[in-house]
Amino acid sequence: QSQNLHLTLVHPWYENNIEKFIKNLSKFTFSKTFEVAFDQVSKGPSLRPRLIWITGPGQSSLTKLQKDLARFLKRPREKHSTPHITIARFKMKEAILVPEINEIIELKFDVSEITLFESRLSPLGANYFPIEHLKLEI
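This is a predicted model, so every value here is computed, not measured. (Residues numbered from 1 in each chain as written. Predicted model: local features only at pLDDT ≥ 70, side-chain atom pairs only at ≥ 80, totals over all residues. Heavy atoms only, no water.)

S.K.: Give a detailed account of the side chain of Lys 43, specifying residues and quantitative values.
M.R.: Assignment of secondary structure puts Lys 43 in strand E1 (residues 34-44). Engagement of the side chain of Lys 43 in a polar contact is seen with the backbone oxygen of Ala 95, the distance being 3.1 Å. Of the polar contacts made by the side chain of Lys 43, one reaches the backbone oxygen of Val 98; its length is 2.7 Å. (Helix = DSSP H or I, 4+ residues; strand = E, 2+ residues; numbered from the N terminus. Polar contact = N/O pair within 3.5 Å; in protein donor to acceptor, adjacent residues only side chain to side chain.)

Spelled out as structure tokens, the structure:
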């Protein structure tokens, strides 16, 4: 579902108190709006591919934002922090059956807002509901 597409900056599952998390996040100084670009649809991550994802080159602004947020929120940096948009997720036994994918695409957009989502699991997977919006400077 397209409303579930997102870029994860910091995994908030380490947080027990969402109100405190939002309060801390609101103190973070976000940089200006920036562009992200994606150019490939493939299986990933490379070690145990369980996803079909969209990835792109470099993403220095996005990677810097991830690092700065993790440091500010005193979170460990994610092991698999490759900036990506997940298209599909599979269990390991299902992922083996998915053929290799390597499609070149062109997807660019400006990031002008950070949204904190609540993830609710269902038998069909996770659904994401926005609970806080933080605008970046123009």
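Structure's up, so let's keep going.
S.K.: If you had to explain the pattern of salt bridges to someone new, which residues and values would you point to?
M.R.: A full pass over the atoms with the stated rule returns four salt bridges. A salt bridge links Lys 43 to Glu 100, with the shortest nitrogen-to-oxygen separation between them at 3.9 Å. Of this pair, Lys 43 sits in strand E1 while Glu 100 is found in the loop between helix H3 (92-95) and strand E4 (102-111), placing the two residues 57 residues apart along the sequence. A relative accessible area of 15% places Lys 43 in the buried class. Here Arg 71 and Asp 68 are joined by a salt bridge, their closest N and O atoms 3.3 Å apart. Of this pair, Arg 71 and Asp 68 both sit in helix H2 (residues 60-72), three residues apart, roughly one helical turn. Taken together, the shared-partner salt bridges connect Lys 64, Asp 68 and Arg 71 into one network. (Salt bridge = Lys/Arg side-chain N within 4 Å of Asp/Glu carboxyl O. Buried < 20%, exposed > 50% of the residue type's maximum accessible area, 1.4 Å probe, protein only.)

S.K.: Break down the packing of aromatic side chains for me, with residues and values.
M.R.: What the rule picks out here adds up to three aromatic pairs. Ring centres of Phe 38 and Phe 109 lie 6.0 Å apart, and the angle between their planes is 25 degrees; on these two criteria the pair is classed as stacked. Here the residue Phe 38 occupies a position in strand E1, and Phe 109 occupies one in strand E4, the gap between them amounting to 71 residues. Here Phe 38 falls in the buried class, since its relative accessible area comes to 2%. Judged by its relative accessible area of 28%, Phe 109 is partly exposed. Pairing Phe 117 with Tyr 128 gives two aromatic rings, centres 6.4 Å apart and planes at 80 degrees, and the pair type is edge-to-face. With a gap of eleven residues between them, Phe 117 in strand E5 (residues 113-122) and Tyr 128 in strand E6 (residues 125-135) connect regions that are remote in the sequence. Sitting over the face of the ring of Phe 129, Arg 120 holds its NZ or CZ atom 4.1 Å from the ring centroid. (Phe/Tyr/Trp six-rings, centres within 6.5 Å; stacked < 30°, edge-to-face > 60°. Lys NZ or Arg CZ within 6 Å of the ring centre and 35° of its normal.)

S.K.: Kindly report on H2, identifying the contributing residues and their values.
M.R.: Between the first and last C-alpha of H2 there are 18 Å, a value that for 13 residues agrees with the 18 Å anticipated at 1.5 Å per step. All of the buried residues in H2 are Leu 62, Thr 63, Leu 65, Gln 66, Asp 68, Leu 69 and Ala 70. Positive backbone phi, at 55 degrees, marks Lys 74, one or two positions downstream of H2. (Expected span 1.5 Å × (residues − 1).)

S.K.: Run through the environment of Phe 28, naming residues and quoting values.
M.R.: Looking at the element boundaries, Phe 28 is found in the loop between helix H1 (18-26) and E1. Exposure remark for Phe 28: the relative accessible area of 12% places this residue in the buried category. C-alpha of Phe 28 to C-alpha of Asp 68: the two residues are 40 residues apart in sequence and 9.2 Å apart in space. Setting aside its immediate chain neighbours within four residues, Phe 28 contacts Leu 65, Asp 68, Leu 69 and Phe 72. (Contact = heavy atoms within 4.5 Å.)

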